[in-house]
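Notes for the structure review
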Amino acid sequence: MNTRVAFVSGASRGIGKACALALSAAGNRVVLAARDTEKLEEVAAEIRLKGAEAYVTQLDLRSIDSIKEAFAKAAKEFGRIDILVNNAGITKDGLALRMKKDDWDLVIDTNLSGSFFAIQQVLQGMMRERWGRIVNITSVVGEAGNAGQANYSASKAGLIGVTKSLAQEMASRGITVNAVAPGFIETDMTGVLSAEVKEKVLAGIPLKRMGTPEDIAAAVAFLASDAAGYITGHVLDVNGGMYM
Ligand code: NAP
């Protein structure tokens, strides 16, 4: 039986929750992490109802101490971490001219620095096992840019740089590092957008629909599987064709 352990940040809702469910359905034990543990417990209950194993730990990606503690607890609970899905992320949009330093720092600290420090926590264990899968959730905006999202697009483009550098550093150790770049996905993050903005974005999507969290989770589960063993340093677009 596959007893691998998958750590998913931001697993309480949206894409992260779908990733946790998909990785669990694929036979992995899952660690669910985010700031709000009550919501994580609900996801864990859903997983345990199906007879699979889930462990909840609090994680705040803005704090290196919190990152270290969350990974230490998870490794203690399950013995090791084989798969890391760096999914948690935030937006704090604004035009560059008026963007406050705090809004720049918050998004870079959470999405880019937090994800990098999370990777640092799992490398030694994966090197020991000579097997590992790291999947970073970037964004179409990290590839194409977007007006009003200089901080967010920089964080996501940075994550692509981290992905390609780490893929080269870790290849000889049996660890693959890839990214998934979602397009326009139905979650709380996009729920705040006006009907007008949504219509405009939809007009630019050849497949003529928003993506679902499950569309992203399927790509993540594939990259985390043995079947994807010869893929590393890749950015997999899951965006309905909105950017090619
Ligand atoms: P979401 O519904 O807003 O969920 C974000 C998750 O991240 C939540 O579980 C949240 O839980 C967690 N999180 C936020 N800040 C955190 C922190 N400081 N420390 C730890 N966890 C934190 O977002 P989503 O739409 O599912 O997006 C997931 C990922 O996909 C993000 O990286 C996002 O940038 C990327 N993405 C989304 C879209 C889209 O259209 N939705 C498109 C491209 C890329 P807590 O608040 O409890 O911490």
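Structure shown above.
Residues numbered from 1 in each chain as written. Predicted model: local features only at pLDDT ≥ 70, side-chain atom pairs only at ≥ 80, totals over all residues. Heavy atoms only, no water.

Quick look at the site of the ligand
Every one of the 31 residues lining the ligand counts as a neighbour, but S12, R35, N87, Y152 and T187 are closest to it. Note that an oxygen atom of the ligand is positioned 2.7 Å from one of the side-chain N or O atoms of R35. Note that an oxygen atom of the ligand is positioned 2.8 Å from one of the side-chain N or O atoms of K156. With the chains in place, 96% of the 880 Å² that the ligand exposes on its own is no longer accessible. In terms of residues, the shell around the ligand owes the most to one element, helix α7 (residues 188-191), which gives 3 residues. Residues of the shell around the ligand, tallied by class, amount to 13 nonpolar, 11 polar and 7 charged. (Near = heavy atom within 4 Å. Polar contact = N/O pair within 3.5 Å; in protein donor to acceptor, adjacent residues only side chain to side chain. Areas by Shrake-Rupley, 256 points an atom, 1.4 Å probe, with all protein chains shown as cover. Helix = DSSP H or I, 4+ residues; strand = E, 2+ residues; numbered from the N terminus. Nonpolar A, V, L, I, M, F, W, Y, C, P; charged D, E, K, R; others polar.)

Describing helix α3 (residues 64-78)
Along its 15 residues, α3 runs 21 Å from first to last C-alpha, staying within 8% of the 21 Å computed at 1.5 Å per residue. Of all the residues in α3, the buried ones are S66, I67, A70, F71, A74 and F78. Along the axis of α3, the buried residues cluster in a sector spanning 125 degrees; they form a single face. Opposite its buried face, α3 presents the exposed residues D65 and K76, each directed more than 90 degrees away. (Expected span 1.5 Å × (residues − 1). Buried < 20%, exposed > 50% of the residue type's maximum accessible area, 1.4 Å probe, protein only. Arc of directions from axis to C-beta.)

Points about the packing of aromatic side chains
Any aromatic ring pair is given by two values, namely how distant the centres are and how the planes are angled relative to each other. On inspection of all chains with the given rule, the structure shows 3 aromatic pairs. One residue, R4, lies across the ring of W131, its end atom 3.6 Å from the ring centre. (Phe/Tyr/Trp six-rings, centres within 6.5 Å; stacked < 30°, edge-to-face > 60°. Lys NZ or Arg CZ within 6 Å of the ring centre and 35° of its normal.)

Considerations on the sheet that holds strand β4 (residues 83-86)
The strand order across the open sheet formed by 7 strands is β3-β2-β1-β4-β5-β6-β7, and the pairing between neighbours is parallel. Pairing within the sheet leaves two strands with one partner each, and these edge strands are β3 (54-58) and β7 (235-238). Here the strands of the sheet are splayed against their neighbours by 20 degrees on average, with no regard to which way each runs. On top of the sheet, α3 reaches β1 (5-9), β2 (29-34), β3 and β4; it is set at about 160 degrees to β3, its chief contact. Its contacts with the sheet put helix α6 (residues 150-170) on β5 (132-137), β6 (175-182) and β7, and the angle it makes with β6 is roughly 160 degrees. (Pairing = 2+ DSSP bridges. Axes fitted to C-alpha atoms, helices over the stretch in contact; angles between N-to-C directions. Contact = heavy atoms within 4.5 Å.)

Looking at the side chain of T138
Within the secondary structure layout, T138 lies in the loop between β5 and α5 (140-144). Beyond its immediate chain neighbours, meaning those up to four positions away, T138 contacts K156, L159, I160, A179, V180, A181, P182 and V235.

Structural notes on a nonpolar patch on the surface
Together, V192, L193 and V197 give the surface a local cluster of nonpolar side chains, amounting to about 240 Å² of exposed area. Relative to the assigned elements, V192 resides in the loop between α7 and α8 (195-203). (Patch = residues over 30% accessible without salt bridge, like charges linked within 9 Å, V, L, I, M, F, W, Y side chains within 5 Å. Salt bridge = Lys/Arg side-chain N within 4 Å of Asp/Glu carboxyl O.)

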